[in-house]
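Breakdown of the fold
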Amino acid sequence: MSNFKYVLKNENLQKTVIKVGETKIGEDFLLIAGPCSVEDINQVEEIAQSVKKSGANVLRGGAYKPRTSPYSFRGLGLQGLEYLRYAGQKVGLPIITEVCDTRDVETVAYYSDILQIGTRNMQNFSLLVEVGKTNRPVLLKRGIYSTIDEFLNSAEYIMNEGNQNVILCERGIRTVETEYTRNTLDLSTVALLKQITHLPVIVDPSHATGRADLIEPMCLSSVMAGCDGLEIEVHNSPDKALSDSEQQITPEEFSKMSTKIFKTVEFKKNL
């Protein structure tokens, strides 16, 4: 294990609680929901209204999208940020969106309440340093091939710059399985991180599985593993989505799922 200075529990700091809007992340259960990509104002506003009714307390949406192919939809950029912020303010939800480039940190931090560092950028150390200089909470996703040690060291980069408000996110890792699931959800990491760190730990079952039909069982399993929250992709017409259509669920599916999630959260508290 590396010589960590900030991420591990100690006698003075057993639990970090991050207040965003009305939600105390690490104390209240964090339920992030929204589309993979912001596509237009009507889409994101409609989804925002529906997920808010179903209990989501943070709205997600991608404006800058790192994609494997340069010919895939890569987001609306600044316009996407404006749409997302408008929808969040209209329904009363704080927003989270990914920042991919050091040149965009100031702009994304201006529009969003939480900065997200995606799996491809977990070890983009220049980017970690820049978000560490902001006053925005940072949701850090585990790299697709990263060890827990590497994951925690990336959190250290952010915290070493003065930003102690880091949320760790397990989003699946690449294993030998590539045919039936997009990635492999490592729930043992969730339980382990809750034991050794004071930071909130959440799970992204959408990217972890890449399959809409597996999101619900993985959400409930994640809660039982001890996660502090979930990030779920929701689209009003998943089959027409411009990105990740296979792993997005409908608002109606999210509504039914969120009821089960909150019941499981209460069950876990009473164990």
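My aim in this report is to walk through the structure given alongside it, one point at a time. (Residues numbered from 1 in each chain as written. Predicted model: local features only at pLDDT ≥ 70, side-chain atom pairs only at ≥ 80, totals over all residues. Heavy atoms only, no water.)

1. Here's the deal with the overall build of the protein
The cut-off we apply is this: Going along the chain from the N terminus, every DSSP run of H or I of four or more residues is numbered as a helix, and every run of E of two or more is numbered as a strand. Atoms counted for the radius of gyration: C-alpha only. Globule rule: 2.2 Å times the number of residues to the power 0.38. Remark: exposure states derive from per-residue accessible area (1.4 Å probe, protein chains only) relative to the maximum for the residue type, with buried under 20%, exposed over 50%, and partly exposed in between. Two residues qualify as a contact provided that any one of their heavy atoms is within 4.5 Å of a heavy atom in the partner residue. Accessible surface area values rest on a Shrake-Rupley calculation with a 1.4 Å probe, where residue burial reflects the displayed protein chains alone. Note on charges: Lys and Arg go in the positive column, Asp and Glu in the negative column, and His and the chain ends are not counted at all. The location of each charge is read from NZ of Lys, CZ of Arg, CG of Asp or CD of Glu.
A tally of helices and strands in the protein yields nine helices and 10 strands. By the compact-globule yardstick of 18 Å for 271 residues, the protein fits well, its C-alpha radius of gyration being 17 Å. Principal-axis analysis of the C-alpha atoms gives the protein an extent of 50 × 45 × 40 Å. Within the span of the protein, comprising 271 residues, buried residues form 54% of the whole. Contacts spanning at least 24 positions in sequence make up 70% of the contacts within the protein whose residues lie at least 6 apart. Total accessible area on the protein stands at roughly 12,000 Å², and carbon and sulfur atoms take up 47% of it. Averaging the positions of the 30 positive and the 35 negative side-chain charges in the protein gives two centres separated by 2 Å.

2. Quick word on empty space enclosed by the protein
Applied cut-off: The pocket and cavity definitions rest on a 1 Å grid over protein atoms only: a 1.4 Å probe that fits but cannot leave marks a cavity, an open set with protein on both sides within 12 Å along at least five of seven lines marks a pocket, and residues lining either have an atom within 4 Å of a point. Grid points are joined across faces, edges and corners, and a volume is the space filled by probe spheres set on the points.
Applying the stated criterion across every chain, the model contains one cavity of 30 Å³ or more. Put simply, the largest cavity is a space of about 40 Å³. What lines the largest cavity is Arg 60, Gly 61, Gly 62, Lys 65, Ile 96, Thr 97, Glu 98, Gln 116 and Glu 231. Tallying contributions element by element places strand β5 (residues 95–98) first for the lining of the largest cavity, with three residues.

3. Some details on the pairing of strand β10 (residues 229–233)
Applicable threshold: For two strands to pair, DSSP has to find at least two bridges joining them.
In terms of residue burial, β10 counts as a mostly covered element, since five of its five residues are buried. The alternating pattern of β10 places Gly 229, Glu 231 and Glu 233 and Leu 230 and Ile 232 on opposite faces, both of which are buried. Relative to β10, strand β3 (residues 30–34) is paired through five bridges, and the arrangement is parallel. Counterpart to Leu 31 in the pairing with β10 is Leu 230.

4. Focus on the side chain of Thr 16
Stated formally: We define a polar contact as two N or O atoms separated by no more than 3.5 Å, with the added condition that, inside protein, one atom must be a possible hydrogen donor and the other a possible acceptor, whereas residues neighbouring each other in sequence contribute only through side-chain atom pairs.
On the secondary structure map, Thr 16 appears in the segment before β1 (18–20). Only 2.7 Å separates the side chain of Thr 16 from the side chain of His 198, close enough to count as a polar contact. Each residue touching Thr 16, except ones within four places of it in the same chain, is listed here: Ile 25, Gly 26, Gln 164, His 198, Leu 199 and Pro 200.

5. A short note on the packing of aromatic side chains
Cut-off, in case you're wondering: A pair of Phe, Tyr and Trp rings is counted when the ring centres sit within 6.5 Å of each other, with Trp represented by its six-membered ring. The angle between the planes then sorts it: under 30 degrees is stacked, over 60 is edge-to-face, the rest tilted.
Evaluated as defined, the whole model comprises three aromatic pairs. Ring geometry for Phe 29 versus Phe 262: centroids 6.4 Å apart, planes at 80°, classification edge-to-face. Taken together, the positions of Phe 29 in the loop between β2 (23–25) and β3 and Phe 262 in helix α9 (residues 251–269) put the pair 233 residues apart, joining distant regions of the chain. Classification of Phe 29 by relative accessible area gives buried; the value is 13%. Under the relative-accessibility criterion, Phe 262 is labelled partly exposed at 28%.

6. Some thoughts on the nonpolar core
Spelled out, the test is: The set of buried Ala, Val, Leu, Ile, Met, Phe, Trp, Tyr and Cys residues whose side-chain atoms join them within 4.5 Å is what this entry labels a nonpolar core.
The biggest cluster of nonpolar side chains holds 60 residues, and the ones touching the most others in it are Leu 140, Leu 168, Leu 230, Ile 232 and Ile 261. Here this core gets five residues from one element, more than from any other, and that element is helix α5 (residues 148–160). Those residues in contact with Leu 230, other than ones at most four positions away along the chain, are Phe 29, Leu 30, Leu 31, Ile 32, Ile 202, Val 203, Pro 205, Cys 219, Ser 222, Val 223 and Ile 261. Among the nonpolar cores identified, the runner-up in size contains 12 residues, and Ile 18, Ile 32, Leu 139 and Ile 167 belong to it.

7. A short note on the layout of surface pockets
What counts, and what does not: Polar here means any residue outside two lists: the nonpolar Ala, Val, Leu, Ile, Met, Phe, Trp, Tyr, Cys and Pro, and the charged Asp, Glu, Lys and Arg; Gly therefore counts as polar.
Of the volumes computed, that of the largest pocket is approximately 390 Å³. Along the walls of the largest pocket sit 21 residues, with Pro 66, Arg 120, Arg 171, Arg 182 and His 207 positioned nearest its centre. Its residues assigned to classes, the lining of the largest pocket comprises three nonpolar, eight polar and 10 charged. What the second largest pocket holds in volume is close to 250 Å³. Lining the second largest pocket are 13 residues, with Phe 29, Cys 227, Asp 228, Val 265 and Lys 269 positioned closest to its centre. Of all the elements, α9 adds the most residues to the lining of the second largest pocket, at three residues. Tallied by class, the residues present in the lining of the second largest pocket amount to four nonpolar, two polar and seven charged.

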